Amino acid sequence: MTTDTIESNNTKSSAPLLTQRYLRLVTKDGHSTFQMAGAQGRGVAYLRDVWGILMDMRWRWMMLVFSASFVIHWLVFAVLWYLLAEMNGDLELDHDAPPDNHTICVKYITSFTAAFSFSLETQLTIGYGTMFPSGDCPSAIALLAIQMVLGLMLEAFLTGAFVAKIARPKNRALSIRFSHSAVVAHTEGKPHLMFQVANTRSSPLTSVQISAILYQEQESGQLHQTSIDFHLDSVTVDKCPFFLFPLTYYHSITASSPLADLLQRETPHHFELVVFLSAVQEGTGETCQRRTSYLPSEILVYHRFASLLARNAKGEYQIKMENFDKTVPELPAAADSKSPKRTDKEIRINGQHADTFQLSETGLTE
């Protein structure tokens, strides 16, 4: 998302920060939509973080960088070997019968193709055949040592990048799935905002922690951030110790909740609820992270999630993932009547007690 502002005497924005075309700050799969415009020194900052660039790079570009790095390395030293042979006068000589007073630096390098082949053999330590460096040519020995050292450094760097990219926790986070919609349902007569998250792999995650931020655009063009607290059933600790089956997180919508006023409006102002999940892999101990976001149109009032748990013929639990994004409508009257607030009223006729009745108060807030 690009923020376009025009400076004027009253320093007002020419367009709202969240336009109708780009309504998201964070996509459903957790990617940011922000774009940096007019940042100085951005290219230099990228070059200083080559390792980070390789880690964030897609695999097809990673393979291209891997292949291009070795080909460029071979070509550069092929040029150096060719120049060495030319300066030493080896290109025009008969390498099978050289003059007695001439030392050939590298045997049988008579063309650039032969120089490239020798560079390839040196880098890959294939083993020299007919082409080999002479021990009586110090320049050839020095160039050979330089190519071997730089080649080993290049191999170590790219091999480490491949291993780190394969083993990074981001790949494990792809198996964490958030429900497409959030719902507002009543539990014990109280409204709660709920969303579900599932671990789609059989290996459990531990120390699961959820945090959420509510983003709202202000008239000044700034994004206001508000922390939203979510809890898991009756778990009192901040972290869920075991994440194997789908979890449902709750936010109690009370009068003090930042969402209470927003969800009661017929046409709520634009906001975005971004949810962050961090968990620890049981096997490696590494922390993986996943995030998603919910817009007002993705929060369904008077709905609840369909049941996910079932038992098979053997009595074992089964998770019906086909129901993960399904919601069931909840009748507002039924939801509000679970535990409404009641006020006792008394009817008096001519100052005498006649009867009593109760008034019930319903709504999203307590």
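Described in the following lines is the structure provided in the data block. Source: prediction; values computed, not measured. (Residues numbered from 1 in each chain as written. Predicted model: local features only at pLDDT ≥ 70, side-chain atom pairs only at ≥ 80, totals over all residues. Heavy atoms only, no water.)

It is worth spelling out a nonpolar patch on the surface at this point. A grouping of Val71, Ile72, Leu75, Val76, Val79, Leu80, Leu83, Met87 and Phe112 is seen on the molecular surface, where their side chains present a nonpolar patch of about 770 Å² in accessible area. The dominant element in the nonpolar patch, judged by the number of residues it contributes, is helix 3 (residues 59-87), at 8 residues. Here valine 79 is to be found in helix 3. The class for valine 79 is partly exposed, based on a relative accessible area of 38%. (Patch = residues over 30% accessible without salt bridge, like charges linked within 9 Å, V, L, I, M, F, W, Y side chains within 5 Å. Areas by Shrake-Rupley, 256 points an atom, 1.4 Å probe, with all protein chains shown as cover. Salt bridge = Lys/Arg side-chain N within 4 Å of Asp/Glu carboxyl O. Helix = DSSP H or I, 4+ residues; strand = E, 2+ residues; numbered from the N terminus. Buried < 20%, exposed > 50% of the residue type's maximum accessible area, 1.4 Å probe, protein only.)

With that out of the way, let us pick up unusual backbone geometry. In this model, tyrosine 108 sits at a positive phi of 70°, which is unusual for a non-glycine residue. Relative to the assigned elements, tyrosine 108 resides in the loop between helix 3 and helix 4 (112-124). The backbone of tyrosine 302 shows a phi angle near 60°, a positive value even though the residue is not glycine. Looking at where tyrosine 302 falls in the secondary structure, it is placed in the loop between strand 10 (299-301) and strand 11 (303-305).

A few words now on the pairing of strand 4 (residues 205-217). The sheet contact formed by strand 4 and strand 8 (residues 271-281) spans 10 bridges and is antiparallel. When the bridges of strand 8 are listed, isoleucine 213 appears paired with valine 274. Pairing between strand 4 and strand 5 (residues 223-228): 6 bridges, direction antiparallel. Its bridge partner being in strand 5, glutamine 216 is matched across the sheet by histidine 224. Between strand 4 and the antiparallel strand that follows it, strand 5, lie 5 residues; glycine 221 among them carries a positive phi value of about 90°. (Pairing = 2+ DSSP bridges.)

Turning to the nonpolar core, a few remarks are in order. A general trend in soluble globular proteins is that nonpolar side chains are found buried together. One finds Leu193, Phe195, Phe230, Tyr249, Leu273 and Leu277 to be the most contacted residues of the largest nonpolar core, which totals 33 residues. With residues up to four places along the chain from it excluded, the contact list for leucine 277 reads Ile176, Phe178, Val197, Val208, Gln209, Ile210, Phe243, Cys288, Gln289 and Arg290. Grouped together as the second largest cluster of nonpolar side chains are 16 residues, Phe77, Ala114, Phe118 and Met131 included. (Core = buried A, V, L, I, M, F, W, Y, C linked by side-chain atoms within 4.5 Å. Contact = heavy atoms within 4.5 Å.)

As a further point, take the packing of aromatic side chains. Inspection of every chain in the model, using the stated rule, returns 11 aromatic pairs. On the numbers, 5.0 Å between centres and 70° between planes, the contact of phenylalanine 195 with phenylalanine 230 is edge-to-face. Residue phenylalanine 195 is found in strand 3 (residues 190-199), and its partner phenylalanine 230 is found in the loop between strand 5 and strand 6 (231-232); the two are separated by 35 residues along the sequence. For the pair formed by phenylalanine 195 and phenylalanine 230, the shared burial category is buried. Between phenylalanine 195 and tyrosine 249 the ring centres are 5.8 Å apart and the planes differ by 15°, which places this aromatic pair in the stacked class. Taken together, the residues phenylalanine 195 in strand 3 and tyrosine 249 in strand 7 (residues 247-252) connect sequence positions 54 residues apart. The buried category is assigned to phenylalanine 195, whose relative accessible area is 1%. Taking relative accessible area as the criterion, tyrosine 249 reaches 4% and is therefore assigned buried. Through successive ring pairs, a cluster of aromatic residues spans Trp59, Phe66, Phe70, Trp74 and Phe162. A cation over a ring is seen here: lysine 107 above tyrosine 108, with NZ or CZ 5.8 Å from the ring centre. (Phe/Tyr/Trp six-rings, centres within 6.5 Å; stacked < 30°, edge-to-face > 60°. Lys NZ or Arg CZ within 6 Å of the ring centre and 35° of its normal.)

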